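Here is how the chains run, residue by residue.
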Amino acid sequence: INLWGMTGVGKTDLVRKLVQKLDFQQRFVEIQMDGGSEKGGTFNKSIQSTLSRSTINEGQPGILLLDEMQRYRTVSPNENEIKNDAYKDVWTLLSDGRFSIDASVFDELEMMLHCRAYSDDRKQAGIEDEDEDDDGISPKKLAKTKFKLYPYEAKELKQLLKLPNSIDEIMTWSSEHVIAEIKNVKYNKKEWEADYTKLLIFISGNLDSAFEGAISTNDCDTDADFFHELTKKVSITEIKYHLKKRFNPEQVARFGNNHVIYPSLNKSTYQRLIARNINQHVTDFSKLSGYNYQIDESVNEQIYINSVYPTQGTRPVFSSVHMIFSQLLMDITVYCIENDIDKNQCIKIKMHDFSNVSVDIGDNTLTFPILLELNQK
């Protein structure tokens, strides 16, 4: 299921909420598809490696979110191919939900263990002066220990090699034992396949080029409803056209046809979000201070005017509510405490002025300074 839209419209949040509702937190993996966030060998930069280290078991239901997919492009803006080794097995997964493990994966694991055995052997022979190896454990001490592998190494070997042994048992294996197991699987092709056919896979991305006006980050004047109506017209054919500018045709085909296209948020949605956020601040401050705050509609209106950039989604709005309203409530509350204002008094807050807030406390009206920057432009 593909989720496409501009930033801040709730794509990622929708998937996380779904995971919570299904109580799938232990069967959920989220990967940022930036193409190079992980370091290490080929296997460590793969989707399969991430899944093998997760709590999602092969052949079992789980949810995978591939977020920020627009960053993982394989075609440059001038239509040249981009070589990207990180997460390149994503296309295998999207094909049929199975991984055909490349032999190089086993070679990497085998070489890692050979390197460890070589290092230990040299130190035992006194060729190197260091008393400790890279893991901080001397070879002599290691020889006396029960466990030779770290738990995460044993878990990865168990899942990759499909071993029936427990993790505790695998942790006791020597490098030679592990290498023997790797060779046993390496030459048995029937064991090379990893089955993730029961995964529910979400692909999410900010495909801004498909949404006219989405790059206008400084536009705070255009009505949100206008952008909403404009972006409602984006169709699946346009989405595929813009995907083709980032991926080759075969890869676009592997995204399938389940595309959920998000329009930008309309005015009423922003108004509801602002009202809900303001109400939460009021509730929190009332619990802390014991005062009763009454918020005039003008507060919501001014915060809307000074926080909504229609192409930027909810994040700027939430930060503005916190910056403008939370600080204001704090100033008003501190004033009331310092002046021993009766807690039975209703504190009415209005924002009719561009630079001051009017606060009615009983028969008295006070003003508090406030910066509504967009009003001044």
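Read on for a plain summary of the structure. Since the model is a prediction, treat every value here as computed from it, not as a measurement.

1. Thoughts on unusual backbone geometry
Even without being glycine, Glu68 reaches a positive phi, approximately 55 degrees. Note on placement: Glu68 falls in the loop between strand E3 (62-67) and helix H3 (90-96). With relative accessibility at 16%, the residue Glu68 sits in the buried group.

2. Concerning the sheet that holds strand E1 (residues 2-4)
Strand order in the open sheet made by the five strands is E2-E3-E6-E1-E7, with parallel pairing throughout. What marks the edges here is a single partner per strand, and that holds for strand E2 (28-32) and strand E7 (259-261). The average angle at which neighbouring strand axes cross in this sheet is 15 degrees, direction not considered. Inspection of the sheet shows E1 paired to strand E6 (residues 199-205) by three bridges, in the parallel sense. From the neighbouring strand, Asn2 faces E6, where its bridge partner is Ile203.

3. Brief notes about the sheet that holds strand E8 (residues 292-295)
Spatial strand order, E8-E9-E10-E11: four strands in an open sheet with mixed pairing. Strand pairing shows two members of the sheet lacking a second neighbour, E8 and strand E11 (364-369), which therefore form its edges. Pairwise comparison of adjacent strand axes, ignoring direction, gives a mean angle of 25 degrees for this sheet. Pairing geometry for E8 and strand E9 (residues 346-350), over four bridges, is parallel. Each residue of the ladder has a partner; that of Gln294, found in E9, is Lys348.

4. Side note on a nonpolar patch on the surface
A cluster of nonpolar side chains, Ile1, Leu18, Leu22, Leu200 and Val260, forms an exposed patch at the surface whose accessible area comes to about 350 Å². Inspection of the secondary structure assignment puts Leu18 in helix H1 (residues 11-21). On the accessibility criterion, Leu18 (30% relative accessible area) is partly exposed.

5. Considering the packing of aromatic side chains
Taken as a whole and assessed by the stated rule, the structure comprises nine aromatic pairs. Where Tyr72 meets Trp91, the ring centres are 6.4 Å apart and the plane angle is 40 degrees; that geometry is what we call tilted. Here Trp91 lies in helix H3 and Tyr72 lies in the loop between E3 and H3, a separation of 19 residues in the sequence. On the basis of relative accessibility, which here comes to 1%, the residue Tyr72 falls in the buried class. Judged by relative accessible area, Trp91 falls into the buried class, the value being 9%. Geometrically, the ring pair formed by Trp91 and Phe247 is edge-to-face, given 5.7 Å between the ring centres and 70 degrees between the ring planes.

6. Here's the deal with the packing of helix H12 (residues 267-289) against helix H14 (residues 315-338)
Interhelical geometry of H12 versus H14 gives an angle of 30 degrees and a closest axis separation of 10 Å. Judged by the angle between their axes, H12 and H14 are roughly parallel. In the packing of H12 onto H14, the handedness of the crossing is right-handed. Across from Tyr270, Leu273, Ile274, Asn277, Ile278, His281, Val282, Phe285 and Ser289 in H12, the residues of H14 making contact are Val317, Phe318, Val321, His322, Phe325, Ser326, Leu329, Met330 and Thr333. Taken together, the residues of the contact of H12 with H14 sort by class into 12 nonpolar, six polar and no charged.

7. Side note on the pattern of salt bridges
Across all of its chains, the model carries seven salt bridges by this definition. Across the pair Asp13 and Lys17 runs a salt bridge, and its minimum N-O distance is 3.3 Å. Of this pair, Asp13 and Lys17 both sit in helix H1, four residues apart, which is roughly one turn of the helix. Ionic pairing is found between Lys232 and Glu229, a salt bridge with its closest N-O pair at 3.7 Å.

8. Some points on the nonpolar core
The biggest cluster of nonpolar side chains holds 43 residues, and the ones touching the most others in it are Phe325, Leu328, Ile347 and Ile349. Elements that contribute at least two residues to this core include exactly H1, E3, H12, helix H13 (297-305), H14, E9, strand E10 (356-361) and E11. At eight residues, H14 tops the list of elements feeding residues into this core. Setting aside its immediate chain neighbours within four residues, Ile347 contacts Tyr291, Asn292, Tyr293, Gln294, Ile332, Cys336, Val359, Asp360 and Ile361. In this structure, Met6, Ile47, Leu207 and Val234 belong to the second largest nonpolar core, which totals 33 residues.

9. Some details on the pairing of E10
Note that E9 and E10 share four bridges and pair antiparallel. In the sheet register, Ile347 faces E10, and the bridge partner there is Ile361. Sheet topology places E10 next to E11; six bridges connect them, and they run antiparallel. Across the sheet, Ile361 pairs through a bridge with Asn364, a residue of E11. Between E10 and the antiparallel strand that follows it, E11, lie two residues; Gly362 among them carries a positive phi value of about 65 degrees.

10. What to know about the side chain of His228
By secondary structure assignment, the location of His228 is in helix H9 (residues 224-231). The class for His228 is buried, based on a relative accessible area of 14%. Those residues within four positions of His228 in sequence are excluded, and the remaining contacts are Pro263, Ser264, Leu265 and Asn266.

Calculation rules
- Residues numbered from 1 in each chain as written.
- Predicted model: local features only at pLDDT ≥ 70, side-chain atom pairs only at ≥ 80, totals over all residues.
- Heavy atoms only, no water.
- Helix = DSSP H or I, 4+ residues; strand = E, 2+ residues; numbered from the N terminus.
- Buried < 20%, exposed > 50% of the residue type's maximum accessible area, 1.4 Å probe, protein only.
- Pairing = 2+ DSSP bridges.
- Axes fitted to C-alpha atoms, helices over the stretch in contact; angles between N-to-C directions.
- Patch = residues over 30% accessible without salt bridge, like charges linked within 9 Å, V, L, I, M, F, W, Y side chains within 5 Å.
- Areas by Shrake-Rupley, 256 points an atom, 1.4 Å probe, with all protein chains shown as cover.
- Salt bridge = Lys/Arg side-chain N within 4 Å of Asp/Glu carboxyl O.
- Phe/Tyr/Trp six-rings, centres within 6.5 Å; stacked < 30°, edge-to-face > 60°.
- Parallel < 35°, antiparallel > 145°, perpendicular 65-115°, else oblique.
- Left-handed = near helix turned anticlockwise from the far one by under 90°.
- Contact = heavy atoms within 4.5 Å.
- Nonpolar A, V, L, I, M, F, W, Y, C, P; charged D, E, K, R; others polar.
- Core = buried A, V, L, I, M, F, W, Y, C linked by side-chain atoms within 4.5 Å.

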